[in-house]
Amino acid sequence: MTSLALFDLDGTILDTLKDLALSVNYSLSSENLPSRTTDEIRTFLGNGIRVLINLSVPENTSKEQTERVFKTFVKYYGEHCVDNTCPFEGIPELFMALRKEGVKIAIVSNKADFAAQKLCKQFFPDMYDFAIGAKDGIAKKPARDMIDEALAAFPEIEEKDCVYIGDSEVDVETARNAKMREIAVLWGFRSLEELKKSGAVDFAADTKELLQKILNK
């Protein structure tokens, strides 16, 4: 029986792509650097905002200029991270159904912690039990460190009774490192083919199917 469901954030429970893309391109334009397409930015997501910016700037960009772009992004995205962002269809209902079944919910994201906490509180009030974003001193996914932080909040729950849900190769590897069952959702930032290449074997096409798989029904 599943006691704890751990969810990735971007591309799994929230559609954050437009706000991320707008923030990246605002930050690039502040330094007169060329913009990126939304599809390019989609492929850059999953490993945190530092990696996102490093991939978004041109290859010959200096460290100093890249750092300025990063700082502009952090400020701008912090102010605009909810302009266009919304839950994927059926996610609030999924969370409420899991809570009725007694399943705990944790959200584990490589998004900066300040943004992850803000988004979770705004879109899922009273629907989850724990949330963590990227913090100094804690290795980001796919390392299992953030998963361990979440598990520490539920000392009564064993890893074998957990399932990890995500939408990218980072999430597939995270679940593998945490020795957890993993379900890959098909509405996120990676295609079915990309997920299969990363080693994913269990998929959910919508939240109804995801609920059944989480509950092993």
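Everything discussed here concerns the structure shown above.
Residues numbered from 1 in each chain as written. Predicted model: local features only at pLDDT ≥ 70, side-chain atom pairs only at ≥ 80, totals over all residues. Heavy atoms only, no water.

S.K.: Please clarify how the overall build of the chain should be interpreted in this entry.
M.R.: Summing up its helical and strand segments, the chain has ten helices and eight strands in all. Radius of gyration (C-alpha) of the chain: 17 Å, near the 17 Å computed for a compact globule of 217 residues. Expressed as lengths along the three principal axes of its C-alpha atoms, the size of the chain is roughly 55 × 35 × 30 Å. Considering the chain as a whole, with its 217 residues, one finds that 51% of them fall into the buried category. In the chain, of all internal contacts separated by at least 6 residues, the share reaching a separation of at least 24 is 65%. (Helix = DSSP H or I, 4+ residues; strand = E, 2+ residues; numbered from the N terminus. Rg over C-alpha atoms; globule rule 2.2 N^0.38 Å. Buried < 20%, exposed > 50% of the residue type's maximum accessible area, 1.4 Å probe, protein only. Contact = heavy atoms within 4.5 Å.)

S.K.: It is not clear to me how the pairing of strand β6 (residues 162–166) should be interpreted in this structure. Could you clarify?
M.R.: Look at any regular strand and the pattern is simple: side chains alternate between the two faces of the sheet. Most of β6 sits inside the fold, with five of its five residues counted as buried. Side chains Cys-162, Tyr-164 and Gly-166 of β6 all project onto a buried face; the interleaved residues Val-163 and Ile-165 project onto the opposite face, where all are buried too. Relative to β6, strand β1 (residues 4–7) is paired through four bridges, and the arrangement is parallel. From the neighbouring strand, Leu-4 faces β6, where its bridge partner is Cys-162. As paired elements, β6 and strand β7 (residues 181–185) share four bridges and run parallel to each other. By the bridge assignment, Gly-166 is partnered in β7 with Ala-184. (Pairing = 2+ DSSP bridges.)

S.K.: Looking at this structure, how should I read the sheet that holds β1?
M.R.: Neighbouring strands of a sheet are bound in pairs by backbone hydrogen bonds; such pairs are parallel or else antiparallel. Spatial strand order, β5-β4-β1-β6-β7-β8: six strands in an open sheet with parallel pairing. Strands with a single pairing partner mark the edges of an open sheet, and in this sheet they are β5 (130–134) and β8 (203–204). The strands that helix α6 (residues 113–123) touches are β4 (104–112) and β5; relative to β4, the one it contacts most, it runs at about 140°. (Axes fitted to C-alpha atoms, helices over the stretch in contact; angles between N-to-C directions.)

S.K.: Sorry, what's going on with the packing of aromatic side chains here?
M.R.: Think of a pair of aromatic rings as described by two things: how far the centres are apart, and how the planes are tilted against each other in angle. Applying the stated criterion across every chain yields a total of four aromatic pairs. A centroid spacing of 5.4 Å and a plane angle of 10° characterise the contact between Phe-73 and Tyr-77, whose relative ring orientation is stacked. Placement of both Phe-73 and Tyr-77 in helix α4 (residues 63–80) is noted, with a separation of four residues, approximately one turn of the helix. Grouping residues by exposure puts Phe-73 and Tyr-77 together as buried. The interplanar angle of 50° and the centroid separation of 5.1 Å between the aromatic rings of Phe-95 and Phe-124 together place this pair among those described as tilted. With Phe-95 in helix α5 (residues 91–100) and Phe-124 in the loop between α6 and β5, the pair connects residues that are 29 residues apart, well separated along the chain. Taken as a pair, Phe-95 and Phe-124 share a single burial class, namely buried. The ring of Phe-70 carries Arg-50 above its face, with NZ or CZ at 3.6 Å from the centroid. (Phe/Tyr/Trp six-rings, centres within 6.5 Å; stacked < 30°, edge-to-face > 60°. Lys NZ or Arg CZ within 6 Å of the ring centre and 35° of its normal.)

S.K.: Before we go on, may I ask you to explain α4 in this structure?
M.R.: It helps to recall that an α-helix has 3.6 residues per turn; residues three or four apart then point in one direction. Under the 1.5 Å per step criterion, the end-to-end length of α4 is 25 Å for 18 residues, consistent within 8% with the ideal 26 Å. Here α4 has its buried residues at Gln-65, Thr-66, Val-69, Phe-70, Phe-73, Tyr-77 and Gly-78. Of the surrounding elements, those touching the buried residues of α4 are α1 (17–29), α3 (49–56), β4 and α6. (Expected span 1.5 Å × (residues − 1).)

S.K.: Teacher, can you tell me more about the nonpolar core here?
M.R.: Taken as a class, soluble globular proteins show a tendency for nonpolar side chains to be buried jointly. Ranked by internal contacts, the top residues of the largest apolar core, which has 51 residues, are Phe-7, Phe-95 and Leu-210. Apart from the residues within four sequence positions on either side, Phe-95 is in contact with Phe-7, Ile-13, Ile-105, Ile-107, Phe-124 and Met-127. Membership of the second largest hydrophobic core comes to 18 residues, among which are Ile-138, Ala-150, Ala-175 and Met-180. (Core = buried A, V, L, I, M, F, W, Y, C linked by side-chain atoms within 4.5 Å.)

S.K.: Honestly, the pattern of salt bridges in this entry has me stumped. Any pointers?
M.R.: Two side chains of opposite charge can pair, provided their charged atoms sit close to one another. A full pass over the atoms with the stated rule returns 16 salt bridges. Of the charged contacts in the structure, one is a salt bridge between Arg-50 and Glu-67, with a shortest N-O distance of 2.6 Å. Here Glu-67 lies in helix α4 and Arg-50 lies in helix α3, a separation of 17 residues in the sequence. By relative accessible area, Arg-50 is classed as partly exposed at 36%. According to the relative accessible area criterion, Glu-67 is partly exposed, its value standing at 28%. The salt bridge partner of Asp-148 is Arg-144, with a shortest N-O separation of 2.7 Å. Bridged by salt links that share partners, the residues Asp-8, Lys-141 and Asp-171 form one connected network. (Salt bridge = Lys/Arg side-chain N within 4 Å of Asp/Glu carboxyl O.)

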